[in-house]
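Commentary on secondary and tertiary structure
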Amino acid sequence: MRYPIEYIKKNWDQQKDIKYVIWGITQTAELLYQYISKNYKNAHLTGIIDLYRKEKFHGVVSSDLTLLEQTNAYFFVAVESANVMALSTFKKYNITKYALCWQKQDYKLPVDK
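All values derive from a computational prediction rather than experimental measurement. (Residues numbered from 1 in each chain as written. Predicted model: local features only at pLDDT ≥ 70, side-chain atom pairs only at ≥ 80, totals over all residues. Heavy atoms only, no water.)

**Section: the pattern of salt bridges**
Test applied: Any Lys or Arg side-chain nitrogen located within 4 Å of an Asp or Glu carboxyl oxygen qualifies as a salt bridge.
Counted by the stated rule, this structure contains two salt bridges. Between Arg53 and Asp50 there is a salt bridge, and its shortest N-O distance comes to 3.4 Å. In this structure, Glu55 engages Arg53 in a salt bridge whose closest nitrogen and oxygen atoms are separated by 3.4 Å. Through salt bridges that share partners, Asp50, Arg53 and Glu55 make up one connected network.

Shown next, in the form of structure tokens:
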């Protein structure tokens, strides 16, 4: 999970209020949440995306892709199997503030028609 930490360090100011969303309730999501909570006191988890279940994660109930309307939030994809869908969806909504927690390959997106 090295890339998201590098991304956060490069793009976040520890003094500013920051909103973020995690895609996928996984052990990776938990580790990321713990890191952010410890090091960025003004960062707030404002959403969890999980397409398969409704569950509470640190007081936030998971939701579907409607959370993408929070374009002022940073997005972290915590489950590798969602990478292609996430990248395609981020492109569709012009979301540029995101990081993939697991990236073992370069992902090819379907060609726009």
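Read on, since the account is not over.
**A few points about unusual backbone geometry**
This is how it is decided: Strands are runs of DSSP state E lasting at least 2 residues, helices are runs of H or I lasting at least 4, and numbering of each runs from the N terminus. Each residue gets one of three labels from its accessible area relative to the maximum for its type: buried under 20%, exposed over 50%, partly exposed in between, using a 1.4 Å probe on protein chains only.
Located in the positive-phi region is His58, a residue other than glycine, with phi close to 50°. Mapping His58 onto the fold places it in the loop between strand S3 (56-57) and strand S4 (60-61). A relative accessible area of 38% means that His58 is categorised as partly exposed. At Asn94, a residue that is not glycine, the phi angle is positive and equals roughly 55°. With respect to the element layout, Asn94 can be found in the loop between helix H3 (83-92) and strand S6 (98-100).

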